[in-house]
2 protein chains.
Amino acid sequence: MENYYSEHSKFYVSVDCIVLGYHDKELKLLLGKRKLEPGRGEWALYGGFVESDESLEEASNRTLFELTGMKNIYMRQVGVYGNLDRDPFDRVISVAYCALININDYDDNLRIKHDLEWISLNKIPTLFADHGKMVNTAIKQIQSRINTEPLIFNLLPDLFTLTQLQHVYEAVLGGETDKRNFRKRIKQIALIEKTELIDKVTSKRGAALYRFNSKAYKNDTFFKL
Amino acid sequence: MENYYSEHSKFYVSVDCIVLGYHDKELKLLLGKRKLEPGRGEWALYGGFVESDESLEEASNRTLFELTGMKNIYMRQVGVYGNLDRDPFDRVISVAYCALININDYDDNLRIKHDLEWISLNKIPTLFADHGKMVNTAIKQIQSRINTEPLIFNLLPDLFTLTQLQHVYEAVLGGETDKRNFRKRIKQIALIEKTELIDKVTSKRGAALYRFNSKAYKNDTFFKL
DNA sequence: CCAAAAGTGTTCCGTCTACACCCATGG
DNA sequence: CCATGGGTGTAGACGGAACACTTTTGG
């Protein structure tokens, strides 16, 4: 038999990228207005079609690279969305990926080139098709993993102060945390190492810079914040 | 423009069903040997292709119905798998779904008809393509949600004893739990209601039968085991 | 009468929470 | 010299873990 599967249907498959960054005590999402039909002018995630020579991860990495100019971004599959009417023009099944980046590494020219905006999570407008659902699911996933996987460091520079770390933590979970209790917990985590370096930018007194030891983590992937 | 997307590729999309049940103090997975190429004779999940007139959930429900004769099964998306070589014959992107059923509701004639076996989780053979990865991911997801979502009741009859509940809990998490502590926790959960009924099958003395109040749960979806 | 499963409380320990003041420095 | 952010400890509450014996009844 030449084609076992030919009685079945084929589908366009796309990836949609939920790119999150931290700035100014808030988590922000990279959004743009659609340039093409369907949904022209509506706020939407940046996406792209999967091509025949690439895996889903490759498609997602390619799309993220177009969008950010970065490689090796932290990225995680959120889910697949395949309702019949999710794309008003044609049937498209879409895989949502969530990426976390350090917003300072992001080249703002690319943002301007693609005509995108960083929008605070609590100010997200209605999005095209089911993109809003994707975003909500992604946020819930991040929140539920923040305490057991070292996600948070993807939102920060390599060197960070404990105050920065706490602010990002609060931005992800939404709420306030006691400073002393937070620092007590961090001190117990050997993977978060204090360096000799001092950050003098954000405070006059200077704050110790810390680093996440990702090599040690790779050897023993245990993490509890 | 007549076809916005025609420059892009289309793909076969399938669903693969991870059906879990509880029996004899173990979680079991429904597996069969593939009847067709590719991979004929290898152990594999039961699956089916998504057709053009159905959503992913509809395809998954249809496939589960073929397999179990049941509708309204608890089911959850595990992930999408799209590596280039995952199906040796043609490019197929597959969505894995995990279903939990009460094994006593399962019509064994269907198992025989499809030539399937219930296999304990710790005795799972090497599976076709990436099915093993799907199963591992599904198990981890169940384990991580068992304490915050009322999954466990899908593996039990409507009426169950606390001992049964505990055995299923232990089978999911793998490990033992103290009986008194477990029962103390259960008593605090208003959604788990003691009935007047007594089960005399598994013990001479008789054990109180309990029920999960799923209607109350729907009104306020909070659950903490 | 005994095997087999049901049912029941208390103590201890570790973890999380609440809480307020001094320090260093740049401007 | 003062405004700004950095840094530190303790006491009480709470929740989870350890632990053993009595009850009922079918066979």
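A brief report on the enclosed structure follows.

1. Some points on the relation of the copies chain A and chain B
Relating one copy of the chain to the other takes a rotation about an axis and a shift parallel to that axis. For the pair chain A and chain B, the superposition axis carries a translation of 0.0 Å, the fit reaches an RMSD of 0.0 Å, and the rotation angle comes to 180°. Each copy turns onto its partner about a two-fold axis. Most of the interface of chain A is mirrored in chain B, where 100% of its interface residues again form contacts.

2. Description of the sheet that holds strand 10 (residues 207-212) of chain A
All names here are of chain A. The sheet built from three strands is open, its strands ordered 8-10-9 with antiparallel pairing. Looking at strand neighbours, the two that pair on one side only are strand 8 (159-160) and strand 9 (192-199), the edges of this open sheet. In this sheet, strand 10 lies alongside strand 9 in antiparallel orientation, the contact comprising five bridges. Each residue of the ladder has a partner; that of glutamate 193, found in strand 10, is arginine 211.

3. What about the packing of aromatic side chains?
Enumeration over the complete set of coordinates arrives at 22 aromatic pairs over all chains. Judged by centre distance (5.7 Å) and plane angle (75°), the rings of Tyr12(A) and Tyr5(B) are edge-to-face. Placement of Tyr12(A) in strand 1 (residues 10-23) and of Tyr5(B) in the segment before strand 1 (10-23) is noted, with the two residues assigned to different chains. Taken individually, Tyr12(A) and Tyr5(B) each receive the classification buried, so the pair is uniform in this respect. A centroid spacing of 5.5 Å and a plane angle of 85° characterise the contact between Tyr106(B) and Trp118(B), whose relative ring orientation is edge-to-face. Of this pair, Tyr106(B) sits in the loop between strand 6 (92-100) and helix 2 (108-114) while Trp118(B) sits in strand 7 (residues 116-120), and the two are 12 residues apart along the sequence. Comparing Tyr106(B) with Trp118(B), the two get one shared label, buried. Looking at Lys10(A), its charged tip hangs above the ring of Tyr12(B), at a distance of 5.0 Å from the centre. It is Lys71(A) that lies over the ring of Phe65(A); its NZ or CZ is 4.6 Å from the centre.

4. Things to note about the interface of chain A and chain B
The parts lose accessible area when they come together, and the size of an interface is often stated as this lost area. Tallying the contact residues gives 38 residues for chain A and 38 residues for chain B. If you look at where chain A meets chain B, you find zero salt bridges. Of all the secondary structure elements, the ones that give two or more residues to the side of chain A that touches chain B are strand 1, helix 1 (56-68), strand 5 (74-81) and strand 6 (92-101) of chain A. Pairing geometry for strand 1 of chain A and strand 1 of chain B, over three bridges, is antiparallel. In the sheet register, Phe11(A) faces strand 1 of chain B, and the bridge partner there is Phe11(B).

5. Describing the protein's contact with DNA strand D
Around DNA strand D, a shell composed of 19 residues is seen, among which Lys179(A), Arg183(A), Lys184(A), Arg205(A) and Arg205(B) lie nearest. A distance of 3.3 Å is found between a phosphate oxygen of DNA strand D and a side-chain nitrogen or oxygen belonging to Lys187(A). At 3.4 Å, a side-chain N or O of Lys184(B) approaches a base nitrogen of DNA strand D. At the level of secondary structure, the elements contributing two or more residues to the surface near DNA strand D comprise helix 5 (179-187) and strand 10 of chain A together with helix 5 (179-187) of chain B. In terms of residue count, the dominant contributor to the surface near DNA strand D is helix 5 of chain A (five residues).

6. Observations concerning the sheet that holds strand 10 (residues 207-212) of chain B
In a beta sheet, neighbouring strands pair by backbone hydrogen bonds and run either parallel or antiparallel. With respect to topology, three strands assemble into an open sheet ordered 8-10-9 (chain B), the strand pairing being antiparallel. Each edge of the open sheet carries a strand with a single partner, namely strand 8 (159-160) and strand 9 (192-199) of chain B.

7. Notes on the protein's contact with DNA strand C
Close to DNA strand C lie 20 residues, the nearest being Arg205(A), Thr163(B), Lys179(B), Arg183(B) and Arg205(B). For DNA strand C, the fraction of protein-proximal atoms (within 4 Å) that sit in sugar or phosphate groups is 38%. Here a base nitrogen of DNA strand C sits 3.3 Å away from a polar atom, N or O, in the side chain of Arg180(A). The backbone of Lys204(A) places a nitrogen or oxygen atom 3.4 Å from a sugar or linking oxygen of DNA strand C.

8. Some words on the packing of helix 4 (residues 162-173) of chain B against helix 5 of chain B
Residues and elements named next belong to chain B. Two elements in contact, helix 4 and helix 5, have axes whose closest approach is 11 Å; the angle formed by their N-to-C orientations is 105°. If you check the angle between helix 4 and helix 5, you find them roughly perpendicular. Contacts between helix 4 and helix 5 involve Leu162, Thr163, Leu165, Gln166 and Tyr169 from the former and Lys179, Phe182, Arg183, Arg185 and Ile186 from the latter. Per-class residue counts for the contact of helix 4 with helix 5 are five nonpolar, two polar and three charged.

9. Things to note about unusual backbone geometry
Residue and element names in this part refer to chain A. The linkage connecting glutamate 37 with the following residue, proline 38, adopts the cis geometry, with an omega of -5°. Relative to the helices and strands, proline 38 is located in the loop between strand 2 (26-33) and strand 3 (43-44). Here the phi dihedral of asparagine 72 falls at roughly 55°; this positive angle occurs in a residue that is not glycine. Mapped onto the secondary structure, asparagine 72 falls in the loop between helix 1 and strand 5. For asparagine 72, a relative accessible area of 78% translates into the label exposed.

Rules used in this analysis
Along each chain, residues carry numbers from 1 onward, in the same order as the chain's sequence is written. The lettering of chains begins at A and the numbering of ligands begins at 1, in the order of writing. In keeping with the model being predicted, local features are shown solely for residues with a pLDDT of at least 70 and side-chain atom pairs are shown and tallied solely at 80 or more, while totals for entire chains, interfaces and linings include all residues. In computing side-chain values, all of the structure's heavy atoms are included and hydrogens and water are not. Copies overlap after least-squares fitting; the atoms used are the C-alpha atoms of residues with pLDDT of at least 70 in both. Contact definition: two residues touch when any of their heavy atoms are within 4.5 Å. DSSP calls a pair of strands paired once it identifies at least 2 bridges connecting them. Secondary structure follows DSSP: runs of H or I at least 4 residues long count as helices, runs of E at least 2 residues long count as strands, and numbering of each begins at the N terminus. The rule is short: rings of Phe, Tyr and Trp, with Trp giving its six-membered ring, pair when the centres are within 6.5 Å, and they are stacked under 30 degrees, edge-to-face over 60, tilted in between. Exposed residues in this analysis have more than 50% of their type's maximum accessible area, buried residues have under 20%, and partly exposed residues fall in between, with area computed by a 1.4 Å probe over protein chains only. Counting as a charge over the ring demands two things of the Lys NZ or Arg CZ atom: a distance within 6 Å of the ring centre and an angle within 35 degrees of the ring normal. Any carboxyl oxygen of Asp or Glu within 4 Å of a side-chain nitrogen of Lys or Arg constitutes a salt bridge here. If even one non-hydrogen atom of a residue comes within 4 Å of a molecule or strand, that residue is called near it. A 3.5 Å cut-off defines polar contacts: any pair of N or O atoms within that distance qualifies, except that in protein one atom must be a possible hydrogen donor and the other a possible acceptor, and neighbouring residues in sequence count only when both atoms are side-chain atoms. Fitted lines through C-alpha atoms serve as axes, helices being fitted only where they are in contact, and the angles separating the N-to-C directions of these axes extend from 0 to 180 degrees. For classification purposes, an angle smaller than 35 degrees is called roughly parallel, one larger than 145 roughly antiparallel, one from 65 to 115 roughly perpendicular, and anything else oblique. Residue polarity follows a fixed list, in which Ala, Val, Leu, Ile, Met, Phe, Trp, Tyr, Cys and Pro are nonpolar, Asp, Glu, Lys and Arg are charged, and the others, Gly among them, are polar.

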